[in-house]
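An overview of the molecular structure
Each chain, letter by letter, is given below.
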Amino acid sequence: MSIILVQGYHLLKGEIEIQGSKNAVLPMMAAAVLHKGTTVLEHVPGIQDVFCMMGILESMGCACALDGHRLTVTAPDLSDIRIPEKNGKAMRSSIMLLGALLGRCGEALVHYPGGCSIGSRPIDLHLSALKQMGVEFSEEGDLIHARTGKLRGGQISLPYPSVGATENILLAAAAAEGATVLKGAAMEPEVESLCRMLQAMGVNIQGAGTGEIRVEGGAELHDAAWDVPGDRIVSGTYLSAVMAAGGEAVLKRSSPGHLENVIRTMERMGAEIRVRGGDMEIKSKGRPAAVSVETGPYPGFPTDLQSMMLALLALGQGKGRLKETVFEGRFATAKELHKMGADIIIEEKEAFVTGGRSLRGTQVQARDLRGGAALVVAGLAAEGTTRITDCRHIFRGYEDICRDLSSLGADIRREG
Ligand code: UD1
């Protein structure tokens with residue numbers, strides 16, 4: 001069992017470079033499957049989800065080479081259209097290979113995906129959009145067999161701007177006959193990054209980063225190299241860490257342009273944040289002030305930073321409120337924060353948090369990726385030692401949270 005130990009009450013100070021974005025790189029790796037040649041990705045984070053995706057691509061016949069943070073994927077011939085069950089269930093983004101495999105081979109065998117246990121995560125929007133593009137599905141247990149004679153473009157409207165469904169549609173649309181106009185698309189920066197990468201591979205796309213994206217299908221793809229942007233959620237985690245522990249830090253390559261809502265919220269809580277190009281500098285002292293926050297699709301407050309906010313409100317001052325509108329299971333971390341002395345009341349989609357208490361270190365369990373990181377953040381401001389179990393969830397998305405926070409002066413280490 002992987003464990004992280006955090007000793008609280010150390011001020012943070014220093015500079016770190018933020019790893020490449022998990023949620024951007026995974027669909028980019030799926031996009032590489034569309035192309036028979038070579039795709040190079042730079043700034044790839046060394047995280048479990050990337051290793052898992054490499055395993056899936058290799059099982060399908062792609063060659064993957066990770067050299068430091070440069071990943072080269074070559075996919076001249078695919079030998080299998082099946083995503084191995086174990087890898088597919090370990091990671092939700094495996095579903096992205098559905099669009100890519102249909103685009104490349106016209107056929108795919110995928111299991112209903114896994115990932116974090118943060119509520120029900122259906123894929124009905126993915127499937128219904130792909131059906132409109134000419135895909136037929138049959139299911140056997142939780143195995144989905146998708147087949148198409150020919151993918152065709154057309155107009156698709158998403159009733160909710162699902163990130164994953166948008167990415168799957170983009171991947172299929174790149175290989176479809178004719179143009180696909182996607183209305184109600186997710187506007188998350190990771191979706192825009194995928195569009196930019198597909199453009200670099202030769203796909204004509206208009207409206208990247210907006211709610212209406214037009215993809216001209218069927219272009220001949222060529223080799224491309226692309227830079228994975230800094231991970232805005234990891235940046236938000238480390239901003240939260242400085243707010244919890246107090247101190248100051250410079251976060252290089254931290255994607256401030258994608259964190260406007262978060263920066264504004266943290267400033268209202270008392271942090272001083274300065275943006276310099278792609279870097280940010282944060283200074284924070286004293287307990288964070290209470291705020292009321294509601295998560296939502298981009299440019300709303302990211303659901304992936306909701307657990308971090310829960311921890312900050314718990315160790316802050318006054319009464320804060322958090323409303324979760326994206327994933328219903330995302331308050332599971334509140335139970336763990338209770339063990340540390342937090343005063344949090346959950347009522348359906350809302351958390352009411354009364355700050356002003358001193359958190360104390362104890363044994364807590366990482367229940368999901370971001371919730372686990374939030375416990376690290378809470379541990380930085382807790383008296384004594386916080387022992388976080390089940391940290392495998394954290395390693396799915398953070399390259400080395402102990403290395404990063406230690407370099408800022410935190411007393412944190414991994415055990416096991
Ligand atoms: C992605 C991110 C995740 C982030 C989330 C929202 C990756 C690997 N994960 O997840 O970190 O928290 O976006 O920004 O990039 N929904 C349906 N039917 C569907 C698809 C989604 O009902 O077919 C619902 C989900 O249950 C959820 C909401 O839509 O309530 C958002 O899901 P979606 O945007 O698809 O998130 P993911 O792509 O899973």
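Preceding this section is the structure that the text describes.
Keep in mind it's a predicted model, so treat the numbers as computed, not measured.

**A few points about the pairing of strand β14 (residues 247-252)**
One ladder, built from six bridges, connects strand β2 (residues 12-17) with β14; its direction is parallel. Residue pairing across strands places L12 opposite G247, the latter belonging to β14. Taken together, the five bridges between β14 and strand β16 (residues 279-284) define a ladder with antiparallel strand orientation. Bridge pairing in β16 links E248 to K283.

**Comments concerning the sheet that holds strand β15 (residues 272-276)**
To summarise the sheet geometry, strands pair through backbone hydrogen bonds and adopt either a parallel or an antiparallel arrangement. The strand order across the open sheet built from four strands is β2-β14-β16-β15, with neighbouring strands paired in mixed fashion. Of all strands in the sheet, those bounded by a partner on one side alone are β2 and β15. Direction aside, the axes of adjacent strands within the sheet are offset by 10° on average.

**Observations regarding the site of the ligand**
In the region of the ligand, 21 residues are neighbours, and D124, L125, S162, D304 and V326 sit closest. S162 has a polar side-chain atom sitting 2.6 Å from an oxygen atom of the ligand. Taking D304, its side chain carries an N or O atom lying 2.7 Å from an oxygen atom of the ligand. When the ligand is considered free in solution it has 750 Å² of accessible area, and contact with the protein chains removes 86% of it.

Calculation notes
- Residues numbered from 1 in each chain as written.
- Predicted model: local features only at pLDDT ≥ 70, side-chain atom pairs only at ≥ 80, totals over all residues.
- Heavy atoms only, no water.
- Pairing = 2+ DSSP bridges.
- Helix = DSSP H or I, 4+ residues; strand = E, 2+ residues; numbered from the N terminus.
- Axes fitted to C-alpha atoms, helices over the stretch in contact; angles between N-to-C directions.
- Near = heavy atom within 4 Å.
- Polar contact = N/O pair within 3.5 Å; in protein donor to acceptor, adjacent residues only side chain to side chain.
- Areas by Shrake-Rupley, 256 points an atom, 1.4 Å probe, with all protein chains shown as cover.

Taken by themselves, the reported measurements are silent on function.
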